[in-house]
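An overview of the molecular structure
Each chain, written out:
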Amino acid sequence: MAKAHVTTTVNGDEYEFLCEPQQSLVNVLRDELRLSGTKEGCSTGDCGACSVMMDDRLVCSCLVLAVETEGKHIETIEGMGTAENLHPLQRRFLEINGLQCGICTPGILVAAKALLKKNPNPTETEIRFWLAGNLCRCTGYDKIIRSVQAAAEDLRKDKSNGNHS
Amino acid sequence: MDQVRYEAPETLDAAIALLSDDTTASTIFAGGTDVMVQLHSDLIEPEVIVNVKNIPDLIGIEEIGGVYTIGAATPVAELQEHKEFCEAWPGVIEGAELIGSVQVKGRSTIVGNLCNASPAADSVPPSIAAGATVNIVGPNGKRKVAVEDIVTGPRQTSLKKGEIIVSTTFPARPPHSGDAYLRLTPRTEMDIAIVGAAVNLTLDDLGICTTARVSLGAVAPKFLLVEECANALIGTRVDKNALYALGKAASDAADPISDKRGTRDYRVKTIAVMTLRAAERAVKRAREN
Ligand code: FES
Ligand code: FES
């Protein structure tokens, strides 16, 4: 079977790639598009390391076929901030030590950003339930939750000052 | 797994033609949350993957006169965002909400949860209790089937080659109706039910239960719709005695296995408690509307 030709938008840029029909999106992101910020932990939808946004929905990119992203809009960790201009979530994760090895971090940041867009002022319980599909073997989660809470506050302040981020 | 082909038909007819071809092994691909895992662990080895998400009939939530029809490929996340559906069927949402993480619910569907045919699927007992039906189309035309008649055993369904579930229909609710789903798991999130119980009931103006449907999950090879449980509630005010009789009927109906999540005895005992508590929750909701 010939490879499929797919055109999709990732972080605002249009990409074209060839893929096998059964190849997962995480696989294409990392190996074909060289966007290796998205991690692959379990490949079965259990760990959340591969979390990305697809047409504004949080999904596991290991459970998405690359061929079905034709015409879709994907957002990955690479689109979140730059080294000079970190997203408030990234800044707070660094400050509060919301990460150790960092494998779970891109997925958690993408998932947390999706939460704060939907709910700018989540309770601790809401954060914990929202991130229940993101496993972390290092931090014990507390610092992740505190980082998200601090970033949420930053974003609320930014917003009331009229800034967008 | 060489020679896999990918198809994304835009009409039901085209999908049925692909799926009913006897010479090729095919798999329906909607949310993909089960199929991707099966595909990559070689549990299934289809020659053609049929993505059905480009077929308009399978997408969206429609309400006409209180009757809801949910397209089979509509992700659970979309159901959760539908305020009116959530208010009409809180028990169905309680079950659907347990289909994995936020990420998984961005893709997974209640029809996928049904067709995956695990006896522990969380959205199925509340759909059965709701009296929901699925609308099937296949090479021999259309048929409507009650949700309880789809799963025939672990990993087995009554669907025939080439058939596809297009949507699920939930009936209109009379006043004073309520439903609820409760399950027991080792953890609060991201786990599989040890037992699950769904209750859907309607009260009259005096608070007497006039109709009830009770469905149990994870306590038998397939989902149970237990008439004795319904009979324990109908004609009562859903008081203590009725609840006790309900719990006993649930235990009597259960015929579970022992596994790492719980022994047979544990399941038989806890199904009574879960069913009783689900009924308490359902009746509270029924009294509020
Ligand atoms: S790699 Fe996708 S959820 Fe673990
Ligand atoms: S920081 Fe290592 S897995 Fe989370």
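These numbers were taken from a predicted model, which means no experiment stands behind them. (Residues numbered from 1 in each chain as written. Chains lettered and ligands numbered in written order. Predicted model: local features only at pLDDT ≥ 70, side-chain atom pairs only at ≥ 80, totals over all residues. Heavy atoms only, no water.)

**Some thoughts on the interface of chain B and chain A**
Facing 28 residues of chain B, the contacting portion of chain A comprises 26 residues. When the two sides are added together, the surface that chain B and chain A hide from each other amounts to roughly 2200 Å², 63% of it contributed by carbon and sulfur. Our count for the chain B to chain A interface comes out at four salt bridges. A salt bridge links Lys53(B) to Glu68(A); the nearest nitrogen and oxygen atoms lie 2.8 Å apart. Taken together, the connections running from chain B to chain A amount to eight residue pairs in polar contact (both at pLDDT 80 or more). Considering every element that reaches the side of chain B that touches chain A, the biggest residue donor is helix H2 (residues 35-40) of chain B, with four residues. Residue composition of the side of chain B that touches chain A, grouped by class: 13 nonpolar, nine polar and six charged. (Contact = heavy atoms within 4.5 Å. Buried area = accessible area lost by both parts, 1.4 Å probe. Salt bridge = Lys/Arg side-chain N within 4 Å of Asp/Glu carboxyl O. Polar contact = N/O pair within 3.5 Å; in protein donor to acceptor, adjacent residues only side chain to side chain. Helix = DSSP H or I, 4+ residues; strand = E, 2+ residues; numbered from the N terminus. Nonpolar A, V, L, I, M, F, W, Y, C, P; charged D, E, K, R; others polar.)

**Looking at the packing of aromatic side chains**
All names here are of chain B. Under the definition given, this model contains three aromatic pairs over all chains. With 5.1 Å between their ring centres and 85° between their planes, Tyr-68 and Phe-85 make a pair best called edge-to-face. Taken together, the residues span a long stretch of sequence, with Tyr-68 in strand S5 (residues 67-71) and Phe-85 in helix H4 (residues 83-88) at a distance of 17 residues. You can call Phe-85 buried: its relative accessible area is 0%. On the basis of an interplanar angle of 70° and a centroid distance of 5.4 Å, the ring pair of Phe-85 and Phe-170 is categorised as edge-to-face. With Phe-85 in helix H4 and Phe-170 in strand S10 (residues 164-170), this residue pair connects regions lying 85 residues apart in the sequence. Across the pair, exposure class does not vary: Phe-85 and Phe-170 are buried alike. Of the aromatic side chains, those joined through ring pairs into one cluster are Tyr-68, Phe-85, Trp-89 and Phe-170. The residue whose ring lies beneath Arg-173 is Trp-89, and the NZ or CZ to ring-centre distance is 3.7 Å. (Phe/Tyr/Trp six-rings, centres within 6.5 Å; stacked < 30°, edge-to-face > 60°. Buried < 20%, exposed > 50% of the residue type's maximum accessible area, 1.4 Å probe, protein only. Lys NZ or Arg CZ within 6 Å of the ring centre and 35° of its normal.)

**Looking at the pattern of salt bridges**
For the structure shown, the criterion picks out 23 salt bridges over all chains. Measuring nitrogen to oxygen at the nearest pair gives 2.8 Å for the salt bridge that ties Glu163(B) to Arg143(B). With Glu163(B) in the loop between strand S9 (156-157) and S10 and Arg143(B) in strand S7 (residues 141-146), this residue pair connects regions lying 20 residues apart in the sequence. Look at Arg143(B) and you get partly exposed, because its relative accessible area is 27%. Because the salt bridges share partners, they merge into one network encompassing Arg57(A), Lys118(A) and Glu81(B).

**Considerations on the nonpolar core**
Residue and element names in this part refer to chain B. In this structure, Leu-58, Phe-85, Leu-114, Val-134 and Phe-170 are the most contacted members of the largest nonpolar core, which totals 45 residues. By residue number, the principal contributor to this core is helix H1 (residues 12-19), which donates five residues. A domain split of this core shows at least three residues from each of domain 1 (5-51) and domain 2 (56-170). If near-sequence neighbours (up to four positions away) are discounted, Leu-114 is found in contact with Val-124, Val-134, Val-147, Ile-150, Val-151 and Ile-165. Counting residues in hydrophobic clusters, the runner-up holds 34 residues, among them Cys-229, Ala-254, Met-274 and Ala-286. (Core = buried A, V, L, I, M, F, W, Y, C linked by side-chain atoms within 4.5 Å. Domains from an automatic or database assignment.)

**What about the domain arrangement of chain A?**
Residue and element names in this part refer to chain A. Taken domain by domain, chain A holds domain 1 (4-79) and domain 2 (88-160). Relative to domain 2, the C-alpha centre of domain 1 lies at a distance of 22 Å. Facing the 14 residues of domain 1 at the interface are 14 residues of domain 2. Where domain 1 meets domain 2, there are one salt bridge. Its salt-bridge partner being Lys-117, residue Asp-56 comes within 3.7 Å of it at the nearest N-O pair. Linking domain 1 to domain 2 there are three residue pairs in polar contact (both at pLDDT 80 or more). Of all the elements, strand S3 (residues 51-54) adds the most residues to the side of domain 1 that touches domain 2, at three residues. Its residues assigned to classes, the side of domain 1 that touches domain 2 shows six nonpolar, four polar and four charged.

**Quick notes on the environment of Ser101(B)**
Note that Ser101(B) resides in the loop between helix H5 (90-96) and helix H6 (102-105). Residue class for Ser101(B) comes out buried when judged on its relative accessible area of 3%. On a C-alpha basis, the gap between Ser101(B) and Leu58(B) in space is 23 Å, while along the polypeptide they are 43 residues apart. When sequence neighbours within four positions are dropped, the list of residues in contact with Ser101(B) reads Gly133(A) and Met190(B).

**Thoughts on the side chain of Gln103(B)**
Tracing the backbone through its elements, the reader meets Gln103(B) in helix H6. One polar contact links Gln103(B) to Ser51(A), side chain to side chain, over a distance of 2.9 Å. Ignoring any residue separated from it by four or fewer positions in sequence, one finds Gln103(B) in contact with Gly48(A), Ser51(A), Leu58(A), Val59(A), Cys60(A), Ala111(A), Gly133(A) and Asn134(A).

**A closer look at the sheet that holds S5(B)**
Residues and elements named next belong to chain B. Spatially, S4-S5-S10-S6-S7 is the arrangement adopted by the five strands of the open sheet, whose pairing is antiparallel. Each end of this open sheet is capped by a strand with a single partner; those strands are strand S4 (61-64) and S7. Ignoring strand direction, the axes of neighbouring strands in this sheet form an average angle of 25°. When S4 meets S5, the two strands line up antiparallel, connected through four bridges. Looking across to S5, one finds that Ile-64 is bridged to Val-67. (Pairing = 2+ DSSP bridges. Axes fitted to C-alpha atoms, helices over the stretch in contact; angles between N-to-C directions.)

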